Structure formats: C-alpha cells, structure tokens
Amino acid sequence: MFAAILIKALSLFAASSDPCPSSNSFFGLPHWWKYLGHETDALGRCSPTFKFPDDTLAVALAVIDILLRLAGIAAVISIIIAGIGYITAAGSADKITSSRKRIVNSLIGLAVVLVASAAVSFIGNSLG
Amino acid sequence: MKTLKLQIKRAALLLLLAGTLLLPATAFAADSCQTSGSPSVKDQKTATSAELQKCLTDNPITKKLNLIVNFLSAAVGVVVIGVIIVGGIQYTLAGDNPTATGAAKQRIVNGLIALATFIFTYAFLQWLIPGGL
C-alpha cells in the first residue's frame with residue numbers, strides 16, 4: 001500500500017507539466033501548484049484545484065522541486081563568492097585555505113542534494 | 001436427601017454452562033460479521049478466511065487506520081528527502097565555518113535516522129499485525 005502511494009506520488013514527479021503556465025518567473029523557480037490539477041472558469045482564467053488529503057503530497061513534491069532549484073542557486077553563488085575570495089587573497093595563505101574550504105563545502109552540499117534527488121527519481125523509476 | 005439436592009444443583013449448573021456456551025453460537029451463526037459484539041468461537045471456525053478478511057477490511061476503524069498509515073508512510077519519504085536537501089543547502093552555505101558544516105551534517109544524519117526508524121517501525125508492524133498492513 002505504501003509502495004502504491006509512493007508510485008502515485010512519484011509518477012506525478014515524472015510527469016512534470018505546469019497546469020497553469022504563466023510568464024511570471026521568480027529566479028526560474030517552479031510553482032508550488034506544479035503537480036496539482038486545474039480548472040478554467042468562464043473568463044478563461046486557470047486556477048489550480050486542491051483536495052485535502054490527496055493533493056498534500058503533490059504540493060510537498062513541488063516544494064522539494066523548489067528546494068532543489070534553490071540548492072543549485074546557493075551552490076553557484078557560494079562558489080562565486082569563494083572565487084572572488086581566491087582572487088583577492090593576494091598570497092595570504094589564510095584567505096586561500098578559507099576560499100578553498102568554501103568551494104569544497106559548497107560542492108559537498110551540492111553532491112548531497114544531487115544524491116538525495118537522484119535517489120528519489122531512481123526509486124520512482126524502479127517502482128513504476 | 002442431601003445428595004439429591006447436590007445432584008440437582010450440579011445438573012442445573014451444567015445446563016446453565018451449556019446454555020451460555022451454545023446460545024451465542026446458535027443465535028449469531030448465520031452472520032459471520034457482526035456489527036456489535038465480538039464474533040463467537042464457532043463463527044470464526046465456520047467462516048472462511050476470505051469472509052473474515054472482508055470483516056476486517058470493511059471495519060470503519062480499520063479503514064480509517066489504513067488511510068492514516070498510508071498517508072503518513074508516503075509523507076515520511078517526502079519529508080526525509082526535504083530535510084536532506086535543506087541539509088545540503090546548509091552545507092553549501094556553510095562557507096569555511098566548521099560549526100556550520102557540523103550543524104548541516106547533523107541535520108542530514110537526523111534525516112537518515114528518521115528514515116531508518118520508519119523502516120524498522122513499518123517492518124515491526126508488518127510482523128505484529130495479522131495479515132500485515
């Protein structure tokens with residue numbers, strides 16, 4: 001039973017199509033209603049539908065998508081900061097090691113996030 | 001005279017015992033799945049396993065429990081992945097600060113511990129509950 005619900009949730013994860021696409025973008029983050037159904041009213045406006053127990057997981061998966069995107073942005077910004085630190089270190093050994101450590105840490109964090117998301121998609125593919 | 005009285009008493013007691021044992025079995029024998037009271041011993045013997053399974057799955061308490069367990073089981077995976085991703089972001093933003101990386105590591109490890117605990121609990125419930133979840 002657990003597997004069945006997980007498969008349902010992960011099949012949502014695989015079929016990624018925004019029900020209400022809009023041109024508004026905030027740092028390229030996906031919308032929280034990404035995996036919900038939608039309905040169109042008389043004026044042609046699209047609104048996502050939410051039913052309490054079933055759609056909670058869909059929203060949670062969308063939030064995970066947003067977190068993945070945020071992790072990528074954070075890693076890029078952190079590496080840029082470390083690179084600037086490296087450039088402006090000007091031979092100071094302390095600053096060089098600090099910058100190098102920052103780069104290594106951001107790469108480790110990115111690897112953790114990638115492994116977590118890869119585990120999700122791998123389990124989803126192998127189950128269904 | 002005394003022995004006769006004792007014999008009557010004993011016979012009455014026996015009759016009463018037999019009556020209490022037989023009555024529920026004969027009264028509810030037609031319905032293997034009662035809505036009130038527990039099924040008698042005879043019912044459980046005569047009813048097929050499929051009927052008993054249907055009794056169990058049609059029970060409103062069982063239905064609600066299954067709904068809750070399924071929902072929480074699915075939520076556990078999502079929450080654990082979320083915690084690990086947040087830990088990864090924390091690690092990324094830690095810079096060269098060892099205490100910050102320690103906090104991120106602790107968060108990731110806690111997420112993994114939660115996952116392991118859930119898996120053990122689920123296996124334990126599968127073992128404990130007759131028929132499984």
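My aim in this report is to walk through the structure given alongside it, one point at a time. (Residues numbered from 1 in each chain as written. Chains lettered and ligands numbered in written order. Predicted model: local features only at pLDDT ≥ 70, side-chain atom pairs only at ≥ 80, totals over all residues.)

Along chain B, the regular secondary structure elements total five helices and zero strands. Overall, chain B shows an N-to-C arrangement of helices and strands of α-α-α-α-α. (Helix = DSSP H or I, 4+ residues; strand = E, 2+ residues; numbered from the N terminus.)

With that settled, consider the interface of chain B and chain A. Facing the 24 residues of chain B at the interface are 30 residues of chain A. Broken down by secondary-structure element, the contributors of at least two residues to the side of chain B that touches chain A are helix H4 (60-92) and helix H5 (98-128) of chain B. It is H4(B) that provides the largest number of residues to the side of chain B that touches chain A, a total of 17 residues. (Contact = placed C-beta atoms within 7 Å.)

A few words now on unusual backbone geometry. Residues and elements named next belong to chain A. At Phe27, a position not held by glycine, the phi torsion is positive, near 55 degrees. Of note, Ala90 is a non-glycine position whose phi angle comes to about 55 degrees, a positive value. Among the residues examined, Ala90 registers 7 C-beta atoms within 10 Å and is labelled exposed. (Buried ≥ 20, exposed ≤ 12 C-beta atoms within 10 Å, placed from the backbone.)

Generally speaking, a soluble globular protein has its nonpolar side chains buried in company with each other. Counting 31 residues, the largest nonpolar core has A:Leu61, A:Ile64, A:Ala71, B:Ile81 and B:Ile85 as the members making the most contacts within it. Put simply, the parts of the chain that give this core at least two residues each are helix H2 (52-87) and helix H3 (93-127) of chain A together with H4 and H5 of chain B. With eleven residues, the top contributor of residues to this core is H2(A). Apart from the residues lying within four places of it in its own chain, the contact partners of B:Ile81 are A:Ile64, A:Ala116 and A:Val120. (Core = buried A, V, L, I, M, F, W, Y, C linked by C-beta atoms within 7 Å.)

Residues and elements named next belong to chain B. The end-to-end C-alpha distance of H5 is 44 Å, a good match for the 45 Å that 31 residues give at a rise of 1.5 Å each. The buried fraction of H5 amounts to three of the 31 residues, a small share that puts the element mostly on the outside. Taken as a whole, H5 has its buried residues at Ala104, Ile108 and Gly111. (Expected span 1.5 Å × (residues − 1).)

Here we take up the environment of A:Leu36. All names here are of chain A. With respect to the helices, strands and loops of the structure, Leu36 is situated in the loop between helix H1 (2-14) and strand E1 (37-40). By the C-beta count within 10 Å, which is 20 here, Leu36 ends up buried. Remark: the alpha-carbon pair of Leu36 and Phe50, spanning 14 residues in sequence, is separated by 6.8 Å.

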